Amino acid sequence: MERPASVVKELLENSLDAGATRIRVEIEAGGRKLIRIVDNGHGMGRDDALLAFERHATSKLRSSDDLLSIATLGFRGEALPSIASVARVSLETRAAEDEVGTVMEIAGGKLLRVEDAGLPEGTTIAVQDLFFNTPARRKFLRAEQTELGHVAALVTHYALAHPTKHFELHSATQALLVAPAVANAGERLYQIFGRETFESLIPVAAEIDFARAGLPEPPPWKREQDYEAPEPGFVRLSGFVSKPELQKLNRNSIYVFVNGRLIRDKVILHAFNEAYRNIIPPTSFPVVLLFLEMPPQEVDVNVHPAKTEVRFRQGSFVHDFVRDSVRTALMNARPAASFYQALSGGARASESLMVDVSPLPGVDGAVFEPRALMVEESEGAIDPGDVAGFALRERLVPASAGRLGFSGPGMAVGYEEELGSTLTELAEESAGNQPTLNGLASLKPLGQLRDSFILAVNEEGLWIIDQHVAHERVLFEKILRERKVEAVQRQRLLMPVLVELLPEQMVTFAAIAEELERNGFEAEPFGPRTLAVKATPVGLEGKELERVLEEVLGVTEKSAQVENEELRRTRIAASIACHAAIKVNMVLEPAKIDWLLRELGKTEHPMSCPHGRPIALRYSLRDIQRAFQRI
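Described in the following lines is the structure provided in the data block.

Conventions and cut-offs
Residues numbered from 1 in each chain as written. Predicted model: local features only at pLDDT ≥ 70, side-chain atom pairs only at ≥ 80, totals over all residues. Heavy atoms only, no water. Helix = DSSP H or I, 4+ residues; strand = E, 2+ residues; numbered from the N terminus. Buried < 20%, exposed > 50% of the residue type's maximum accessible area, 1.4 Å probe, protein only. Areas by Shrake-Rupley, 256 points an atom, 1.4 Å probe, with all protein chains shown as cover. Pairing = 2+ DSSP bridges. Axes fitted to C-alpha atoms, helices over the stretch in contact; angles between N-to-C directions. Contact = heavy atoms within 4.5 Å. Core = buried A, V, L, I, M, F, W, Y, C linked by side-chain atoms within 4.5 Å. Expected span 1.5 Å × (residues − 1). Parallel < 35°, antiparallel > 145°, perpendicular 65-115°, else oblique. Nonpolar A, V, L, I, M, F, W, Y, C, P; charged D, E, K, R; others polar. Salt bridge = Lys/Arg side-chain N within 4 Å of Asp/Glu carboxyl O.

Before going further, it helps to spend a moment on the overall build of the chain. When you go through the chain residue by residue, the secondary structure sums to 18 helices and 25 strands. For the chain, with 631 residues in total, the buried portion stands at 49%. Summing over all exposed atoms, the chain offers an accessible surface of approximately 30,200 Å²; the carbon and sulfur share of this is 52%.

A sheet is described by the order of its strands in space; here three strands give the open sequence E22-E24-E23, paired in antiparallel fashion. Two strands close off the open sheet at either side, each with one partner strand: strand E22 (490–500) and strand E23 (522–525). This sheet shows a mean twist of 15° between the axes of neighbouring strands, independent of strand direction. In this structure, E23 lies alongside strand E24 (residues 530–537), joined through four bridges in antiparallel fashion. Residue Glu522 lies in a different strand from E24, and its bridge partner there is Ala535. Contacting E22, E23 and E24, helix H13 (residues 503–518) runs over the sheet at an angle of about 155° to E23.

Within the largest apolar cluster, 59 residues are counted, with the highest numbers of intra-cluster contacts made by Val8, Val25, Phe53, Val127 and Leu169. In contact with Val127, other than residues within four places in its own chain, are Val7, Leu11, Lys33, Leu34, Ile35, Ile83, Ala87, Arg88 and Val89. Membership of the second largest hydrophobic core comes to 53 residues, among which are Leu290, Ile454, Leu597 and Ala616.

Since there are 3.6 residues in each turn of an α-helix, residues three or four apart along the chain are aligned in direction. Spanning 18 residues, helix H5 (residues 144–161) covers 26 Å between terminal C-alpha atoms, matching the ideal 26 Å at 1.5 Å per step. A large share of H5 lies buried, amounting to 14 of its 18 residues.

For any two helices packed against each other, one specifies the crossing angle of their axes together with the interaxial distance. Look at H13 against helix H14 (residues 543–553): their axes get within 9 Å of each other, and the N-to-C directions meet at 105°. When the interaxial angle is binned, H13 and H14 end up roughly perpendicular. Residues Gln505, Thr508, Phe509, Ile512 and Leu516 of H13 touch H14, and the partners they reach there are Glu550, Val552 and Leu553. Looking at the contact of H13 with H14 residue by residue, the class counts come to five nonpolar, two polar and one charged.

One pass over the full model with this rule turns up 31 salt bridges. Two residues, Arg195 and Glu199, come together in a salt bridge whose shortest N-O distance is 2.9 Å. Separated by four residues within a single helix, Arg195 and Glu199 lie in helix H7 (residues 195–199), roughly one turn from each other. Glu199 shares its class with Arg195; the two are buried.

Moving on: the pairing of strand E21 (residues 461–466). As judged from the six bridges shared by strand E20 (residues 453–458) and E21, these two strands associate in the antiparallel manner. Within the sheet, the bridge partner assigned to Ile454 lies in E21 and is Ile465. Once E20 ends, the chain turns through two residues before running back antiparallel as E21. Relative to strand E25 (residues 616–620), E21 is paired through five bridges, and the arrangement is antiparallel. By the bridge assignment, Trp463 is partnered in E25 with Arg618.

Have a look at this one:
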């Protein structure tokens, strides 16, 4: 056990494995003084309760074959004895078929008391004075607020993963989370983080049957005469991913659950990077809440002591499925960024998707009184097909230095008062108003601002389009399409252009010369440090040609080692598109503006340029009316 959150994780998983539908977590002093978890699961009899604190004793595995198909969150039988060896533990439990329950007390691994008692069905376990007998370990615990933050993040994650169960988290001074059971993950996300967070995410759902390869089968000597090979099953993906304008500077807001288990897997993280490549900057990361379901035998969860890492039997298959599903969702949604989001947005490192555990300002530890939540009229839409109707009654936590960068409603801490509008009513009210880029084709250009930005209008409002990055996106996708069918257009130069390069750039040229040729370049060495360029892609000339070559050949040795063929292709295409695109401070004829808007509307990802900068910003009609106090 590393910290209080590790204890909460193991006990919380035991409650979920026990079939509990209501789980209450109580924390004092960040978990040092007390951790208490109460559930209404099936409980244990006296004998099982005694065995539960024995090393490697588990009721979740019946045979060695079960190790190949683990369907529970816990299975090693190490959690309870490890916790009991470094804390004072009391256990109260009763199974449904027993008339009386069992009470146990253990301190430092020694059994102090066990007796019968009248108890409700379920289990209550209290862990007091954590690391009381290991002062060196206790010394390295963080501040109470830090440890409480880790616990809050953990409980929030499992509440998101199990929306049909009731979760509560209480500290000594406040209720941090009260999340009654709801129908699906969308309702849970809205319930905990509010409307504005919900509207900043895009729903994702996909399903595909597994390939036959990789599915384990028993050896021939264990097969029955009538043995039939098992069906490969399905892999299902559901959840939410952020719109391009919502970015983070780290991966702390990427949450992936595999069969209900929170994991941090390099294969899945790489799939997200690939899905958002050329949509957000390479140094930024999206916000993701994703649930993967697959046959237990297709994933090995027994590869990490904390069970936070897994191994997929068909890793490349899962990787490609996640990448393509997320990419398709972004292509179909085509979300448009508003002025307000663009001005307040930007990648941030400190914020993550978790409830706020900051001390309440000016309260000095007193219990706060939440205020009733007032739902503002907003323009974003929620698709009724994504979220089923349910009655929400939320309360607002007083303003504090929160962890989320959203100005909307806070988390739910109670359901005592009716909410003015349910989620279904909100969806009906704003249906069809969710800002997308599908309206680009209907734009009527008004002119240019400083010969750099195109002003246009349609029924949705006022649009401003960056002419350079818009043309850059059009050219980027055109280059990739032509490169795919070997039909890249090139222009032959009257006289070869000589470009001076550094020795390491000449080495890089030798490695990627074939890819450059397929993208329209015709070049060959002309001396030890000179490159003679005889033909270039259409649109590149003069200084821009030299800049493209310097940019393409200036990749570091470390980056070149991890760069695959697809990444190299998109990097070269992005560089060519950037330097061949229309520049700022360039006057455009009306016909050219019309053409650019039409072509932009045909692209797959008109949200941003290949380097992640936004292309179009919308000032909606509702925002204009609100600014002029018309509504």
